[in-house]
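Topology and contacts: notes
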Amino acid sequence: MTDILGYITWNPDSEIFRIGGLAVRWYSMCWLVGVALAYFLVKKLYKEQKVKEGLFDPLLIYCFFGILIGARLGHCLFYEREYWLSSPEHVLEIFVPIRFMADGSWKYIGYEGLASHGGTIGLTLALFIYWLRVRKEGLGIWQILDNIAIVTPITACFIRLGNLVNSEIIGKVTDVPWAFIFERVDMSPRHPGQLYEAIAYALFFPIGWYFYRKYPGRVGTGFFFGLCLTLIFTFRFFVEYTKDIQVAKEATMTLNLGQQLSIPFVIIGIFCIWRSFKVVKN
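Basis of the calculations
- Residues numbered from 1 in each chain as written.
- Predicted model: local features only at pLDDT ≥ 70, side-chain atom pairs only at ≥ 80, totals over all residues.
- Heavy atoms only, no water.
- Domains from an automatic or database assignment.
- Contact = heavy atoms within 4.5 Å.
- Buried area = accessible area lost by both parts, 1.4 Å probe.
- Salt bridge = Lys/Arg side-chain N within 4 Å of Asp/Glu carboxyl O.
- Polar contact = N/O pair within 3.5 Å; in protein donor to acceptor, adjacent residues only side chain to side chain.
- Helix = DSSP H or I, 4+ residues; strand = E, 2+ residues; numbered from the N terminus.
- Nonpolar A, V, L, I, M, F, W, Y, C, P; charged D, E, K, R; others polar.
- UniProt positions renumbered as here; feature names shortened; annotations may be inferred.
- Buried < 20%, exposed > 50% of the residue type's maximum accessible area, 1.4 Å probe, protein only.

Right, let's get into the domain arrangement of the protein chain. One can read the domain layout of the protein chain as domain 1 (26-50 + 148-281) and domain 2 (52-138). Inter-centroid distance (C-alpha atoms) of domain 1 to domain 2 is 18 Å. Residue-level contacts link 25 residues of domain 1 with 23 residues of domain 2. When domain 1 packs against domain 2, close to 2000 Å² is buried across both sides, 75% of that on carbon and sulfur atoms. Broken down residue by residue, the surface that domain 1 buries against domain 2 is led by W31, Y46 and I148, which jointly contribute 27%. One can count zero salt bridges joining domain 1 with domain 2. Here domain 1 is connected to domain 2 by four residue pairs in polar contact (both at pLDDT 80 or more). At the level of secondary structure, the elements contributing two or more residues to the side of domain 1 that touches domain 2 comprise α1 (26-48), α6 (141-165), α8 (223-239) and α9 (257-281). Partitioning the side of domain 1 that touches domain 2 into residue classes produces 15 nonpolar, four polar and six charged.

Rendered as structure tokens:
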């Protein structure tokens, strides 16, 4: 809905439905839909590239746990390690979806706090482990990375839509006419940073898909892996200027943590693109 100034008042229910004490949340559903779409698209790519049957089957498990574990550790270690490493109970909270309360009880809260930079690292490491399993079948690490990179933006898009539903990773206060008022946070109009990212990633997906259709022979050179990293994290660097700080220590930083963590990925992405042209020439 919108208020009299035209701003979008935002406070959707984060739960789709609840059965007893178990709730199915929109964020989890967006996350699963994004991963499922990537699954079917990569399956299509493997089939087109005539990858040996049976090599695809374990890929989903590696990707799922690589993203989840990496994103969770990334959030806890990059943003709030002072809290998460302060006691054995808080360390345990990193890995289980509960929060220990001051009175000794515990509360189920789900996995609140996932960082995209950590998810990218976790996914890459998981794909390397997957490659160690399948390399004897002739499937190269760069082919694996390129195929995943082609479809990654669509998953990232749905994850950011989940963040939007949760009213998290909010933007700075602004007077732009499309500002959102996140009622769970305050009544100030803010940049919908999550929506900016979701739209950008939705646009990056057809770009990667177009290049794949036009230059299928580049799969296995690292071009698509580099393109994905460069597009996503270059945009991520600049969109951070519209976001509010996520942790207090960012208030005194020239570049916030999201920007600092994006720079290495952009550099790696550009290097991979450069390397891909060298591989083709050779």
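According to UniProt, the positions carrying the feature "binding site: a 1,2-diacyl-sn-glycero-3-phospho-(1'-sn-glycerol)" (unreviewed entry) are R160. With respect to the secondary-structure elements, R160 resides in helix α6. When its relative accessible area of 6% is taken as the criterion, R160 is described as buried. Setting aside residues up to four positions removed in sequence, R160 forms contacts with S116, I169, Q194, E197, A198, Y201, R236 and K243.

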